[in-house]
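Close look at the chain arrangement
Listed below are the residues making up each chain.
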Amino acid sequence: MPPLQDDATIDPDQSLIRALRPGWTATREDGTERPNRLAFVDGRTQEASCFIDNDTNLAELRRLFPGDKICRFAARFARDAGFVIQRKPGDCPPGFVGDPVHHLVIGPAEEKPKKALLRMGDALALTPGIEILPPAADE
Amino acid sequence: MIALAQSVPLQMDQAWQVQISSTVEGAPPVNAPWRYAALAQLRTLEESGQNRPGQGDLRISDATSSHARQILAQMDITDAPTPEVVPISGGGIAISWSMANRELQLSVFADGEVVLLKTQDQAILEEPDERGLRNTYYIDGLKWLLGRAG
């Protein structure tokens, strides 16, 4: 649960990845896919798990969440939407084969009303540069 | 039956009973295909919800699903589009209707809070939360989606 502290060692241009459940995506007018606001909202903890974007972590997300879509966004997109980013190696999923310090959460610095949290999720989801990764070659 | 639907949380499947018994004056109409589709999606979410570390806790409690059913049973509009029912991490349920450039989303959270968001041209509309002031709050949202209310 918040409060969370933003980790300044995470570069604004650092790419982050997050696995999405079906229904956590939307389609832009140009036909491309993006996350929707629900992708970044947790009604209980107000934290959403993400990972540093690299080949190992991407492969791990695809292994842990087979068939689920994965979104990628720059850390600054999350910060611009009002989120802070904190490393949470202790909450890294069991069985994750990779560096646990690459597990992060995004969330508000202080607990927010749920409507405000949904608005933050919306702001991040509507950021033009956020993308849904194409499925792996074997998916 | 209608008094029950408006005063206490419905148990699983009671929302269906509300519809079946809707020959009672003032009851929600029987012919609301969107509601049947929404309840079927809700049932699927209840059955498939898991705690998925690294993604979110998608388990939905009986209380939360009953709350969502209760709200759906009150929305007595027959010709709304079929909504999409999606889990919210932390045990919540989002019910989203889309029509043209409008979207209505009801988020039912595990702690009982409900948030209604109206979106037009991808922008969330600013408006006061009138829940509690009007017992038609959710129905009015659906009317707005359908262009029947301001």
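So, a few notes on the structure that sits alongside this text. Quantities reported herein were computed from a predicted structural model and do not represent experimental measurements.

To continue, consider the overall build of chain A. Of regular secondary structure, chain A possesses 3 helices and 8 strands. Taken from N to C terminus, the helices and strands of chain A fall in the order β-β-β-β-α-β-α-β-β-α-β. For a compact globule of 139 residues, the expected C-alpha radius of gyration is about 14 Å, and chain A comes in at 14 Å, within 12% of that figure. By its C-alpha atoms, chain A is 40 × 40 × 25 Å across when sized along the principal axes. When each of the 139 residues of chain A is scored for burial, the buried share is 37%. Contacts in chain A between residues far apart in sequence, at least 24 positions, make up 77% of those at least 6 positions apart.

All names here are of chain A. The sheet built from 6 strands is open, its strands ordered 6-7-4-1-5-8 with antiparallel pairing. Of all the strands in the sheet, the pair left with one neighbour each is strand 6 (84-87) and strand 8 (131-132). Relative to strand 5 (residues 69-74), strand 1 (residues 15-20) runs antiparallel, the two sharing 6 bridges. Counterpart to arginine 18 in the pairing with strand 5 is cysteine 71. This element, helix 1 (residues 55-64), spans strand 1, strand 4 (48-52) and strand 5 of the sheet and lies at about 5 degrees to strand 1.

Glancing now at the interface of chain B and chain A. Chain B puts 23 residues into the contact, and the matching count from chain A is 23 residues. Broken down by secondary-structure element, the contributors of at least two residues to the side of chain B that touches chain A are strand 2 (56-57), strand 3 (84-88), strand 4 (92-99) and strand 6 (114-120) of chain B. For the side of chain B that touches chain A, the leading source of residues is strand 3 of chain B, giving 4 residues. Among the residues making up the side of chain B that touches chain A, the classes are represented as 11 nonpolar, 9 polar and 3 charged.

Even without being a glycine, glutamine 46 of chain A presents a positive backbone phi close to 60 degrees. As for its position among the elements, glutamine 46 of chain A is in the loop between strand 3 (33-35) and strand 4. For glutamine 46 of chain A, a count of 23 C-beta atoms within 10 Å corresponds to the buried category. The backbone of alanine 100 of chain B shows a phi angle near 50 degrees, a positive value even though the residue is not glycine. You can see alanine 100 of chain B is positioned in the loop between strand 4 and strand 5 (102-108).

Residue and element names in this part refer to chain B. The residue isoleucine 77 is located in the loop between helix 4 (62-74) and strand 3 in this model. In this structure isoleucine 77 comes out as partly exposed when scored by C-beta crowding, with 16 C-beta atoms within 10 Å. Here the alpha-carbon distance between isoleucine 77 and serine 61, two residues 16 residues apart in the chain, equals 27 Å. Discounting residues that sit within four places of it in the chain, isoleucine 77 has contacts with Ile139 and Leu142.

It is worth spelling out helix 4 of chain B at this point. Relative to the 18 Å expected for 13 residues at 1.5 Å per residue, helix 4 of chain B spans 18 Å between its end C-alpha atoms, a close match to the ideal helical length. All buried positions along helix 4 of chain B are accounted for by Thr64, Ser65, His67, Ala68, Arg69, Gln70, Ile71, Leu72 and Ala73 of chain B.

Time to look at the pairing of strand 4 of chain A. All names here are of chain A. With 5 of 5 residues buried, strand 4 is to be regarded as a mostly interior element. Of the pairings in the sheet, the one linking strand 1 to strand 4 comprises 2 bridges and is antiparallel in character. Paired with isoleucine 17 across the two strands is phenylalanine 51, which belongs to strand 4.

So, on to the sheet that holds strand 5 of chain B. Strand pairing in a sheet is mediated by backbone hydrogen bonds. Such pairs are either parallel or antiparallel. An order of 3-4-5-6-7 (chain B) is seen for the 5 strands of this open sheet, with the pairing classed as antiparallel. Each having just a single partner strand, strand 3 and strand 7 (123-124) of chain B make up the two edges of the open sheet. With 2 bridges joining them, strand 6 of chain B and strand 7 of chain B adopt antiparallel strand pairing. Bridging from a neighbouring strand, glutamine 120 of chain B pairs with alanine 123 of chain B of strand 7 of chain B. Where helix 3 (residues 114-125) of chain A meets the sheet, its contacts fall on strand 5, strand 6 and strand 7 of chain B, and the angle it forms with strand 6 of chain B comes to roughly 35 degrees.

Residue and element names in this part refer to chain B. Counting buried positions along strand 3 yields 4 of 5 residues, so the element is predominantly enclosed. In this sheet, strand 4 lies alongside strand 3 in antiparallel orientation, the contact comprising 5 bridges. The residue of strand 4 that forms the bridge with valine 86 is alanine 94. The antiparallel hairpin formed by strand 3 and strand 4 contains 3 residues in its connecting segment, where glycine 90 sits at a positive phi of about 100 degrees.

With 57 residues, the main nonpolar core has Leu16, Cys50, Ala78, Ile106 and Leu124 of chain A together with Ile93 of chain B as its most contacted residues. When near neighbours in sequence (up to four residues on either side) are disregarded, leucine 124 of chain A contacts Phe40, Phe77, Ala78, Ala81, Phe83 and Ile130 of chain A.

Calculation rules
Residues numbered from 1 in each chain as written. Chains lettered and ligands numbered in written order. Predicted model: local features only at pLDDT ≥ 70, side-chain atom pairs only at ≥ 80, totals over all residues. Helix = DSSP H or I, 4+ residues; strand = E, 2+ residues; numbered from the N terminus. Rg over C-alpha atoms; globule rule 2.2 N^0.38 Å. Buried ≥ 20, exposed ≤ 12 C-beta atoms within 10 Å, placed from the backbone. Contact = placed C-beta atoms within 7 Å. Pairing = 2+ DSSP bridges. Axes fitted to C-alpha atoms, helices over the stretch in contact; angles between N-to-C directions. Nonpolar A, V, L, I, M, F, W, Y, C, P; charged D, E, K, R; others polar. Expected span 1.5 Å × (residues − 1). Core = buried A, V, L, I, M, F, W, Y, C linked by C-beta atoms within 7 Å.

Function cannot be read off these values alone, since they describe shape.
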